[in-house]
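Chains, contacts and geometry: an overview
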Amino acid sequence: MTRTPEQQRAQVPAARHPSTGGEDDLGALFGKSTAVFAALAGPAHMLEAANGAFFEAIGGGERARTGLPLGQLVPELVEQGFVSLLDRVYRTGQAYSGRNARVVLGEGAAAREAFFDFTYEPRLDDGGNVMGVRVIGVETTQVKHAQRLAAEHRALLEQIARQAPLPEVLDGMARTIEDLAPEEVLVSVLLADADGRHLRHGAAPSLPDFYNQAIDGIETGEGVGSCGTAAHRRQNVIVTDIATDPFWDDFRDLAEKADVASCWSTPILARDGALLGTFAIYHRTPRAPQESDLALARVFADTAALAIERHQAEQARTAAEAREAAARDDLAFLLRASTALTTDLDAAQILRRLAASCVPRLAPLCAVDIIEGGRVRRIATAAPTPPEQDLLASHIPVYDADDDAVARVLSSAVSEVARRTPTGPGPWRELGVTGYLCVPLLDRGSAFGTLTLLSTGDHVFDGHAVALTEELARRAASAARNARQYTHRVTLARDLQAGLLLPDLPDVPGADIAAYYHPAGEGLDIGGDFYDLFPLDDGRWAFLLGDVCGRGALAATTTALVRHTARAIAPLLPGPEDVVQAVNRALLNRPDSHGNGFVTLVYGQLTPTPEGLDIELVRAGHTLPLHLTAARTTPVDATGGLLGVAPDPQVTPHRLHLRRHESLLLYTDGITEARDAAGTQFGERRLSHALTRVPPQHAAQQVVDALIGALRTFTAGRGIDDDQAALVITAVPRPVEDHRPITSGCR
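Here's a quick rundown of the structure. If you're wondering where the values come from, they're calculated on a predicted model, not measured in any experiment.

Spatial ordering of the open sheet is given by 2-1-5-4-3, a layout of five strands whose pairing is antiparallel. Both outer strands of the open sheet, strand 2 (46-50) and strand 3 (96-105), are each paired with one neighbouring strand and no more. The sheet shows a mean angle of 30° between the axes of neighbouring strands, direction not considered. Across six bridges, strand 1 (residues 36-41) lies against strand 5 (residues 130-139) in antiparallel orientation.

Structure representation (structure tokens):
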């Protein structure tokens, strides 16, 4: 079938129709689309027609015209090989397609990177000959950039999530933006100080080192470059031309040296609005940002904010953990030191342990000085080596010297610290001293001594060390004060107790006397047990052993009342029953302030005879005395009630005779009620059994030794809960010259 040319033209699809009307239709069609369309003619690729998207893609302006070869209209396409592809399509008549092809459009400051999916199709005439090339394309720049941006952004977020170091994250972010940019850009991140007044270098991999060093630490403020102003305003600051912008007056020479001509700065803000830093993009030529540039800056400023906040949170957590660990370490140190300080009740030993605790934990050298007799005494030192310790111990501060740190602290009761050697003479050079901390040891606000720590080398005292030292000094001063009070109290109790007991047992004709006394506790209180032995008229002797309810001052008052009443009235009354009744009345008549505790008592009188000792005694609620003979031990059962409770204790006198080498044992219930580790009491049975070990012809002390030896074995050194006292009276042969007639005896 033969077709006319008109018929053939009618059969050509509009997209390939060579007539102007067809091209106009296509132009109209693509003109309504965002797709790029252009019709090129001849081997020179003369632009015959194009839509608006094409002209916008190649830069618009003077380029938005037809009638020029494409290589002349858009010369950068020649260098990038796109014109060569047009030549091949024109020459071969075969179409060419490309996907995500990168092309740089424009030159200089106006250049931009773009990506296209495109097709080059040959344009055919009626004879089927190639008369030109048709260009159809879709710009994928935004998609491409979005894909790359999403991938890089995801990688940065993964770095932040795994807590990569902040410099690594910021450096990676800066390099990513520099790679994504269509033209050369230089990225800088500055970090705000905690006070928000200065900016510090964070990352700037492509800026020269001298530039980064110069702007490190710049202030935030109006007109302080792009970054200082953006940080101050909390807003974007766009400087398109550094050479003319007043914000860069102080940095223009620096920028010229670094070869940067524009700078766009975005503040990096925390979620609460606090300044974290700035994000800046530099260009080599003057340049104004497009909306996409600003969007990119915002995205990465937010990413930087996330990284910085995460870093700050991690730093805060690490710092908190470090503070907690340091606090635990300080507490452990104070607990160990406190334990060492309180294991002894000797004040001097406590202060020596104080010095040992300080070295080397708090300082290389330590000295403790106290005031004694109006002078300063160095009581303790600690140093790394014995020679250094001896040298430090040989130096004694002068109490009233104005130039001596110890003297000043003793006077002011205020700590003194300095990063220099102490004022006043001392072995500072020999010891290499570079600083000191002198802390007072206080007792009720007054300094009784000082703790001096000395630095050597690079060691310095910071606020934490001062606070820790002052706390240790406070504990040591308290321990030393308690030790002194304890010593004074023990001394007082011992002196009072000694005043209530016989300093030495008297020599009684025909009798051997031994006594034992052991107070409960640590000797802080006066015991409630007591004994006494004193002469009466006509060769008689009075003896007594008792137990006062309670301990301490009131017990001492009652003990003194019983002893002194007995000593005062015994010579005036006929026998033990009368004496005990008088003692009971004295107890009942005590003032309330002297206590109202009861008393148990054994009171008796002995008379030496040629055959031994005649004894008359009264037991008032006390443990039963024991009569020791060679054959057995017998309780002396004399009835009577407690003293200080009722007007008539109803006591009954009991008489016995001690032959030679026989003994009378008086003891308090602290002995029989002593307990072993299992809580079992010593008891009267073990007491009687212990006395079986006493030899037939024994001395009074042997009775005491047998009793106490058995008691200590039973308790295995365990502390006692009650006072213990014993009095042993043993009849012994009297010398011949001592056999004087007895003019009076027992009733």
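The next thing to look at is the side chain of T600. Mapped onto the elements, T600 comes out in strand 20 (residues 599-609). Among the polar contacts listed, one links the side chain of T600 to the side chain of H622, at a separation of 2.8 Å. Beyond its immediate chain neighbours, meaning those up to four positions away, T600 contacts L545, G546, D547, A620, G621, H622 and L642.

Attention now goes to the packing of aromatic side chains. On inspection of all chains with the given rule, the structure shows eight aromatic pairs. Look at Y96 and F118: their rings are 6.0 Å apart centre to centre, the planes differ by 40°, and that puts the pair in the tilted class. Taken together, the residues Y96 in strand 3 and F118 in strand 4 (residues 112-124) connect sequence positions 22 residues apart. The exposure class of Y96 is partly exposed, given its relative accessible area of 27%. A ring pair is formed by F118 and Y120, whose centres lie 4.9 Å apart and whose planes are at 45°; its orientation type is tilted.

Bringing the packing of helix 21 (residues 683-691) against helix 22 (residues 700-715) into the picture now. Orientation of helix 21 relative to helix 22, taken along the N-to-C sense of each, is 130°, at an axis distance of 9 Å. On the basis of their axis angle, the class for helix 21 and helix 22 is oblique. The interaxial crossing formed by helix 21 with helix 22 has right-handed handedness. Taken together, the residues of helix 22 that come into contact with helix 21 (itself represented by R686, L687, A690 and L691) are V703, A706, L707, A710 and F714.

How two helices pack is summed up by the angle between their axes together with the distance between the axes. Where helix 8 (residues 166-180) meets helix 12 (residues 291-342), the closest approach of the two axes is 10 Å, and the angle between their N-to-C directions is 170°. By the angle between their axes, helix 8 is roughly antiparallel relative to helix 12. Between helix 8 and helix 12, the contacting residues are L166, V169, L170, M173, T176 and I177 on the first element and L296, F300, T303, A304, A307, I308 and H311 on the second. Class assignment for the residues of the contact of helix 8 with helix 12 results in 10 nonpolar, three polar and no charged.

Here we take up the nonpolar core. L354, C366, V368, L441, L451, L453 and L472 are the most contacted members of the largest nonpolar core, which has 36 residues in total. Those elements that provide at least two residues to this core are helix 12, helix 13 (347-358), strand 12 (365-372), strand 13 (375-382), strand 15 (433-443), strand 16 (446-456) and helix 17 (463-500). Membership of the second largest hydrophobic core comes to 29 residues, among which are L166, M173, V185 and I281.

The general pattern is negative phi for most residues beyond glycine and trans for most peptide bonds. In this structure, P360 follows V359 across a cis peptide bond, with omega equal to 0°. In this fold, P360 is placed in the loop between helix 13 and strand 12. In this structure, N100 is a non-glycine residue whose phi angle is positive, near 50°. With respect to the helices and strands, the residue N100 is situated in strand 3.

A few words on helix 19 (residues 576-588). Note: α-helices contain 3.6 residues per turn, so residues at a spacing of three or four share the same orientation. Taking 1.5 Å per residue as the helical rise, helix 19 with its 13 residues ought to reach 18 Å, and the 18 Å between its terminal C-alpha atoms agrees with that figure. Residues P576, V579, V580, Q581, A582, V583, N584, A586 and L587 constitute the buried set of helix 19.

This part covers helix 15 (residues 405-412). Of all the residues in helix 15, the buried ones are A405, V406, A407, V409 and L410. Considering only its buried residues, helix 15 is in contact with strand 12, strand 13, strand 14 (416-418), strand 15 and strand 16. Sitting at the head of helix 15, D404 places a side-chain oxygen 2.9 Å from the backbone nitrogen of V406. A413 lies just past helix 15 and shows a positive phi near 60°.

Take the pairing of strand 6 (residues 185-192) next. The buried count for strand 6 comes to eight of eight residues, which makes it a mostly enclosed element. Where strand 6 lies against strand 11 (residues 275-283), seven bridges are found, and the strand directions are antiparallel. Residue pairing across strands places L190 opposite T278, the latter belonging to strand 11. Note: strand 6 against strand 7 (residues 198-203), four bridges, orientation antiparallel.

All right, on to a nonpolar patch on the surface then. A cluster of nonpolar side chains, F598, L642 and V645, forms an exposed patch at the surface whose accessible area comes to about 240 Å². Among the structural elements, F598 can be located in the loop between helix 19 and strand 20. Looking at F598, the relative accessible area reads 32%, which means it is partly exposed.

Turning next to the pattern of salt bridges. Summed over the entire model, instances satisfying the criterion amount to 29 salt bridges. We note a salt bridge from R298 to E291, for which the minimum N-O separation is 3.0 Å. A relative accessible area of 38% places R298 in the partly exposed class. R361 serves as the salt-bridge partner of D330, at 3.0 Å between the closest nitrogen and oxygen. A residue pair is termed long-range when its members are at least 10 positions apart, and D330 in helix 12 and R361 in the loop between helix 13 and strand 12 qualify at 31 residues. The class of D330 is buried, set by a relative accessible area of 12%. Linked by salt bridges that have partners in common, D443, R444, R481 and R484 make up one network.

So, how was this worked out
Residues numbered from 1 in each chain as written. Predicted model: local features only at pLDDT ≥ 70, side-chain atom pairs only at ≥ 80, totals over all residues. Heavy atoms only, no water. Pairing = 2+ DSSP bridges. Helix = DSSP H or I, 4+ residues; strand = E, 2+ residues; numbered from the N terminus. Axes fitted to C-alpha atoms, helices over the stretch in contact; angles between N-to-C directions. Polar contact = N/O pair within 3.5 Å; in protein donor to acceptor, adjacent residues only side chain to side chain. Contact = heavy atoms within 4.5 Å. Phe/Tyr/Trp six-rings, centres within 6.5 Å; stacked < 30°, edge-to-face > 60°. Buried < 20%, exposed > 50% of the residue type's maximum accessible area, 1.4 Å probe, protein only. Parallel < 35°, antiparallel > 145°, perpendicular 65-115°, else oblique. Left-handed = near helix turned anticlockwise from the far one by under 90°. Nonpolar A, V, L, I, M, F, W, Y, C, P; charged D, E, K, R; others polar. Core = buried A, V, L, I, M, F, W, Y, C linked by side-chain atoms within 4.5 Å. Expected span 1.5 Å × (residues − 1). Patch = residues over 30% accessible without salt bridge, like charges linked within 9 Å, V, L, I, M, F, W, Y side chains within 5 Å. Areas by Shrake-Rupley, 256 points an atom, 1.4 Å probe, with all protein chains shown as cover. Salt bridge = Lys/Arg side-chain N within 4 Å of Asp/Glu carboxyl O.

Function cannot be inferred from these measures alone, as they are strictly geometric.
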